[in-house]
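Now for the letters of each chain:
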Amino acid sequence: MADFQASSPEELRALIDGKSDDDINAALKATGSASALDKVFEGMVEAFLPAKAGGQSAVIQYDVASPDGKLSYQLKVADGKAQLLKGSQESARVTLALSAPDFLRLVTGKLNGQTAFFQGKLKLSGDMMFAQTMQSWFKMI
């Protein structure tokens, strides 16, 4: 796993399948963590399902511990659209903090959010009940 290049959710899932945290982190470092995660978050914007959000608005923050340090991203959901914001620009309804490998496993369906939380792999702050419902706002592969 020399670098981290995935052009679709399916490719991302195949890329991390069966890989250790060290393998995933090494590939992220070789590619550039921010560049790789930017693409993943852009994919999440595309995977947003407005009907599932039911007209709700929220800012969802992700603090991802990457090999290059903590990277923060926000998904701002409003008016049936999701928008990507880098950093911590707005007040988040919920913040999810996890390692880059676990984040990638979470967004590809390889890691269940509730399981990750109880195993200590996922830290939540803010509206925990909302964190459970907002998962369905995004199409999983």
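Now for a look at the structure at hand. Values in this document were obtained by computation on a predicted structure and should not be read as measured data.

Definitions and limits used
Residues numbered from 1 in each chain as written. Predicted model: local features only at pLDDT ≥ 70, side-chain atom pairs only at ≥ 80, totals over all residues. Heavy atoms only, no water. Helix = DSSP H or I, 4+ residues; strand = E, 2+ residues; numbered from the N terminus. Rg over C-alpha atoms; globule rule 2.2 N^0.38 Å. Buried < 20%, exposed > 50% of the residue type's maximum accessible area, 1.4 Å probe, protein only. Contact = heavy atoms within 4.5 Å. Axes fitted to C-alpha atoms, helices over the stretch in contact; angles between N-to-C directions. Parallel < 35°, antiparallel > 145°, perpendicular 65-115°, else oblique. Left-handed = near helix turned anticlockwise from the far one by under 90°. Nonpolar A, V, L, I, M, F, W, Y, C, P; charged D, E, K, R; others polar. Pairing = 2+ DSSP bridges. Polar contact = N/O pair within 3.5 Å; in protein donor to acceptor, adjacent residues only side chain to side chain.

When its secondary structure is counted, the chain shows seven helices and five strands. Starting at the N terminus and ending at the C terminus, the chain contains elements arranged as α-α-α-α-β-β-β-β-α-α-β-α. Scaling as 2.2 N^0.38, a compact globule of 141 residues should have a C-alpha radius of gyration of about 14 Å, and the chain matches this with 14 Å. Projected onto the principal axes, the alpha-carbon positions of the chain cover approximately 40 × 30 × 25 Å. Buried positions account for 40% of the 141 residues belonging to the chain. Restricting to contacts in the chain with at least 6 residues of sequence separation, those with at least 24 account for 67%.

Where helix H3 (residues 33-46) contacts helix H5 (residues 100-107), the axes come no closer than 12 Å and their chain directions differ by 25°. By the angle class used here, H3 and H5 are roughly parallel. Considering the relative orientation of H3 and H5, their crossing is left-handed. For the pair H3 and H5, the contacting residues are Leu37, Val40, Phe41 and Met44 in the first and Phe103, Leu104 and Val107 in the second. Residue composition of the contact of H3 with H5, by class: seven nonpolar, no polar and no charged.

Both strand S1 (residues 58-66) and strand S4 (residues 94-99) contribute to a ladder of six bridges, which runs parallel. By the bridge assignment for S4, Asp63 is matched with Ala97. Pairing geometry for S4 and strand S5 (residues 123-126), over four bridges, is antiparallel. Each bridged residue has a counterpart across the sheet, and for Leu96 the counterpart in S5 is Leu124.

Let us now look at the environment of Gln89. Within the secondary structure, Gln89 sits in the loop between strand S3 (81-86) and S4. Note: C-alpha distance between Gln89 and Ser72 (17 residues apart in sequence) is 9.6 Å. From its side chain, Gln89 meets the backbone oxygen of Lys86 in a polar contact 2.9 Å long.

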